[in-house]
Amino acid sequence: MAIYEPLESDGPRRRLRLRSPVDLEPIGEIECANSRDVERAVERARKAQVDWEALSFDERARYMEKVSRLLLDRCDEVVDKVIEETGKARAEAVSMEVFSSLDSLCYYAKNTKKFLRPHKKRLHGLMGFAKQLRIVYKPLGVIGIITPWNGPFILAMNQTVQALMAGNAVVLKGSEVTPFSTKLVGDFFEEAGLPDGVLQVLMGDGATGAALVESGVDKISFTGSVVTGRKVAEACGRQLIPCSLELGGKDAMIVCADADIERAANGALIGSCMNTGQYCCGTERIYVVDSVCDEFVEKVVAGAAKLRQGDSGEFDVGAIFWDRQLEIVERHVDDAVAKGATVRVGGRRNPALKGLFYEPTVLTDVNHSMDVMTEETFGPVISIMKVPDEEEALRLANESCYGLNGNVWTQDKDKALRLAARMETGAVCVNDMALTYGVPEAPFGGRKNSGIGQVNGKMGVRGYCHTLPIIIDRFGGKQLASGYPYSFKKIEGMQKLMKLLWGSPIGRWLS
Ligand code: NAD
């Protein structure tokens, strides 16, 4: 049964009915914002942005602090809504959605002022005697933020906080699969008294997202699939507006012979099954060096068999959030089995549960002819491939059109750093699953098909600004560009100067 289905509509907007993946019961209906609604929202945002930009960082930060207090008080409301829409485990709803949102709100409330403080820069060479560079960060204006369903609250909240703290207004559109969780982001800011129009949350599907991309916003922050990301990039390219694209992945895990195997096996379980495997930086391919592979597989199989899957109460692995995704997971596992993979645990829908549940699954004897090792699976599937050595593991890890994150497991720190640096991916974690999105100090973004641009932290906040260089006189300096009238004498002088500056060691040092 489909998680959302179109309803008859006699008005100007499409209507959708939503079901919970937990029990497939209806949980609500939405009206999709049409292009006129989107245009109006952007107009309102543009007006509201002027006064919002005029506030100080401390004043803006106070709204973030109010939202964080509201969120702390009403954590359960968010958790329950996220669970109703996604069926993820309660522990994940608390840690991924609420804990991380609080961290984001407080981190950017505290640090944005420092990241965007205007500053001076000394210029090199002769120019430095006469001129000085000042850098000023100006908000871009109105930001369109488009987010997916796998982290419906945090992925919306995190980018919204950064864009707002930088002085922008935001028009946010969450996924049609999880609109009510994303709407809560807007509700909290409204309750915190955010001025009208500074943040607007639109409900809608892909057509609403496409309308937002075309609505005259100053930047699109997109998180979602490669297929949609490409369309968004094309539309932004045509309009010459910037976009950041946080797209899908196929993260590799490399387990070296000297790894702590117990710890690595636990890392594989959480890396592949957290958020029911629907984590953009989920561990989707595991390459284990021959000498420790059997021990590793044994531990992973034992651990996976103990994972509790459920639809209520205390459990480890929840539902697949969307029937479309469940079909992809089934197709990948079936394809792998048809090509010779062995199912060690799971490998099927969970027959004991009514909703969209796929059992935590361990596959061995996999290889790169199988979709499960090359395309994003986005399900609780642990695919383990035995390799002769670390070099082969690295070669296979890099043999992918994706490059979002990855992880290396070894007790030799120098080797870990060497291998990590050679991985063709956006970020690497050593002896841990991919944590990078939750570490704002680390720039986050994919390589290859996994995206363009980096978000989060200083770089992320600055990405919502124009970096304006202002070049100004030092010591009441004089105009350097007063070249007229040209003369042969001036050309000769310039040639002598070039020889002096770059033709001698002292000159090169000076310049
Ligand atoms: P999706 O691309 O189908 O949808 C993402 C959002 O884009 C939704 O809000 C959707 O309504 C909207 N959309 C659809 N068509 C559009 C169009 N033509 N123009 C503009 N917007 C449009 O992705 P999804 O299935 O919702 O999300 C899962 C994907 O997101 C996975 O590939 C996952 O890896 C990726 N993801 C990446 C990150 C990251 O940070 N790199 C984080 C989470 C999820």
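Please read all numbers here as calculations on a predicted model, not as lab measurements.

**Q** Kindly report on helix α1 (residues 35-54), identifying the contributing residues and their values.
**A** Helix length check: α1 (20 residues) gives 29 Å between terminal C-alpha atoms against 28 Å at 1.5 Å per residue, within 8%. At Ala-48, α1 shows its largest bend, some 30°. Among the residues making up α1, those that are buried are Asp-37, Val-38, Ala-41, Val-42, Ala-45, Ala-48, Gln-49 and Trp-52. The backbone nitrogen of Arg-36 has a side-chain oxygen 3.1 Å away, supplied by the residue at the start of α1, namely Asn-34.

**Q** If you had to explain the packing of helix α3 (residues 75-86) against helix α7 (residues 179-191) to someone new, which residues and values would you point to?
**A** Contact geometry for α3 and α7: axes closest at 8 Å, N-to-C directions at 155°. Considered as vectors, α3 and α7 are oriented roughly antiparallel to each other. Judged by residue contacts, Glu-77, Val-78, Lys-81, Val-82 and Glu-85 of α3 engage Pro-179, Phe-180, Ser-181, Leu-184 and Phe-188 from α7. Its residues assigned to classes, the contact of α3 with α7 shows six nonpolar, one polar and three charged.

**Q** Could you give an account of the site of the ligand, with specific residues and numbers?
**A** Taken together, the neighbourhood of the ligand is formed by 30 residues, with Glu-176, Ser-225, Thr-228, Leu-247 and Glu-376 sitting nearest. Here an oxygen atom of the ligand and a side-chain polar atom of Thr-228 are 2.7 Å apart. Where the shell around the ligand is concerned, the elements lending two or more residues are α8 (206-213), β9 (219-223) and α9 (226-239). Within the shell around the ligand, the residues separate by chemical class into twelve nonpolar, eleven polar and seven charged. Two domains each provide a minimum of three residues to the shell around the ligand, namely domain 1 (4-247 + 457-466) and domain 2 (251-442).

**Q** Describe the environment of Asp-37, naming the residues involved and giving the relevant values.
**A** Structurally, Asp-37 can be placed in helix α1. Exposure remark for Asp-37: the relative accessible area of 14% places this residue in the buried category. Distance from Asp-37 to Asp-10, taken between C-alpha atoms, is 17 Å for residues 27 residues apart in sequence. With sequence-adjacent residues up to four places away left out, Asp-37 is seen in contact with Arg-13 and Cys-32.

**Q** Could you give an account of the domain arrangement of the chain, with specific residues and numbers?
**A** When its domains are assigned, the chain resolves into domain 1 (4-247 + 457-466) and domain 2 (251-442). Put simply, the middle of domain 1 and the middle of domain 2, counted by C-alpha atoms, are 30 Å apart. Domain 1 puts 25 residues into the contact, and the matching count from domain 2 is 28 residues. Counting the surface lost from both domain 1 and domain 2, the interface buries some 2,200 Å², and carbon and sulfur atoms represent 60% of this. Inspection of the region where domain 1 meets domain 2 yields one salt bridge.

**Q** Help me get a handle on the sheet that holds strand β13 (residues 342-345), residues and values and all.
**A** Read from one edge to the other, the open sheet built from seven strands follows the order β13-β14-β15-β12-β11-β17-β18, with strand pairing classed as mixed. Looking along the sheet, the strands with just one partner apiece sit at the ends: β13 and β18 (429-430). For strand β12 (residues 283-289) and strand β15 (residues 381-387), the ladder comprises four bridges, and the chain directions are parallel. From the neighbouring strand, Val-288 faces β15, where its bridge partner is Lys-386.

Definitions and cut-offs
Residues numbered from 1 in each chain as written. Predicted model: local features only at pLDDT ≥ 70, side-chain atom pairs only at ≥ 80, totals over all residues. Heavy atoms only, no water. Helix = DSSP H or I, 4+ residues; strand = E, 2+ residues; numbered from the N terminus. Expected span 1.5 Å × (residues − 1). Bend = angle between axes of the 7 residues up to and from the residue. Buried < 20%, exposed > 50% of the residue type's maximum accessible area, 1.4 Å probe, protein only. Polar contact = N/O pair within 3.5 Å; in protein donor to acceptor, adjacent residues only side chain to side chain. Axes fitted to C-alpha atoms, helices over the stretch in contact; angles between N-to-C directions. Parallel < 35°, antiparallel > 145°, perpendicular 65-115°, else oblique. Contact = heavy atoms within 4.5 Å. Nonpolar A, V, L, I, M, F, W, Y, C, P; charged D, E, K, R; others polar. Near = heavy atom within 4 Å. Domains from an automatic or database assignment. Buried area = accessible area lost by both parts, 1.4 Å probe. Salt bridge = Lys/Arg side-chain N within 4 Å of Asp/Glu carboxyl O. Pairing = 2+ DSSP bridges.

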